[in-house]
Amino acid sequence: MTSETESKIQDSNISTAELISHFREKCKICGHHRIMHNELGACEGVMNKPCTSGCDKFEAE
């Protein structure tokens, strides 16, 4: 992780546990974890395989 990113996390007052919980949530549409979704909400798949669910918006379970 870059020092710039680390600094942003520290400045946000978000704990590591909260970040982990956030990214562990799964999408109702494709079933992949939030971390697999890009900044636009589209799923980029897992393990270098594209997601074929048509997911274009993250919806937590």
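Since the model is a prediction, treat every value here as computed from it, not as a measurement.

Chemist: What is the right way to read the overall build of the protein from this model?
Modeler: Looking only at helices and strands, the protein features 2 helices and 0 strands. Relative to its full complement of 61 residues, the protein shows a buried share of 18%. The long-range share in the protein, meaning contacts at least 24 apart out of those at least 6 apart in sequence, stands at 35%.

Chemist: Please clarify how unusual backbone geometry should be interpreted in this entry.
Modeler: Excluding glycine, residues mostly have negative phi values, and the peptide bonds linking residues are mostly trans. Here the phi dihedral of Asn13 falls at roughly 60°; this positive angle occurs in a residue that is not glycine. In this fold, Asn13 is placed in the loop between helix H1 (3-12) and helix H2 (16-24).

Chemist: Which parts of the structure should I look at to understand the environment of Cys51?
Modeler: Mapping Cys51 onto the fold places it in the segment after H2. Along the chain, Cys51 and Met36 lie 15 residues apart, while their C-alpha atoms are 9.4 Å from each other. Setting aside residues no more than four positions away along its own chain, Cys51 makes contact with Cys30, His32, Cys43, Glu44 and Gly45.

Chemist: Looking at this structure, I do not really get the side chain of Arg34. What am I missing?
Modeler: Inspection of the secondary structure puts Arg34 in the segment after H2. A distance of 2.9 Å separates the side chain of Arg34 from the backbone oxygen of His22, its partner in a polar contact.

Chemist: Any chance you could explain the nonpolar core here in plain terms?
Modeler: One finds Cys27, Cys30, Cys43, Cys51 and Cys55 forming the largest nonpolar core, which totals 5 residues. Excluding its chain neighbours within four sequence positions, the residues that come into contact with Cys43 are Cys30, His32, Met36, His37, Cys51 and Cys55.

Chemist: What is the right way to look at the pattern of salt bridges in this model?
Modeler: A pair can form between side chains of opposite charge whenever their charged atoms are brought close. Per the counting criterion, the structure on display carries 2 salt bridges. A salt bridge links Lys8 to Glu4, with the shortest nitrogen-to-oxygen separation between them at 3.7 Å. In this pair, Lys8 and Glu4 are both assigned in helix H1, 4 residues apart and thus about one turn of the helix distant. Its salt-bridge partner being Glu25, residue Arg34 comes within 3.0 Å of it at the nearest N-O pair. For Arg34, a relative accessible area of 18% translates into the label buried. The exposure class assigned to Glu25 is partly exposed, which follows from its relative accessible area of 30%.

What counts and how
Residues numbered from 1 in each chain as written. Predicted model: local features only at pLDDT ≥ 70, side-chain atom pairs only at ≥ 80, totals over all residues. Heavy atoms only, no water. Helix = DSSP H or I, 4+ residues; strand = E, 2+ residues; numbered from the N terminus. Buried < 20%, exposed > 50% of the residue type's maximum accessible area, 1.4 Å probe, protein only. Contact = heavy atoms within 4.5 Å. Polar contact = N/O pair within 3.5 Å; in protein donor to acceptor, adjacent residues only side chain to side chain. Core = buried A, V, L, I, M, F, W, Y, C linked by side-chain atoms within 4.5 Å. Salt bridge = Lys/Arg side-chain N within 4 Å of Asp/Glu carboxyl O.

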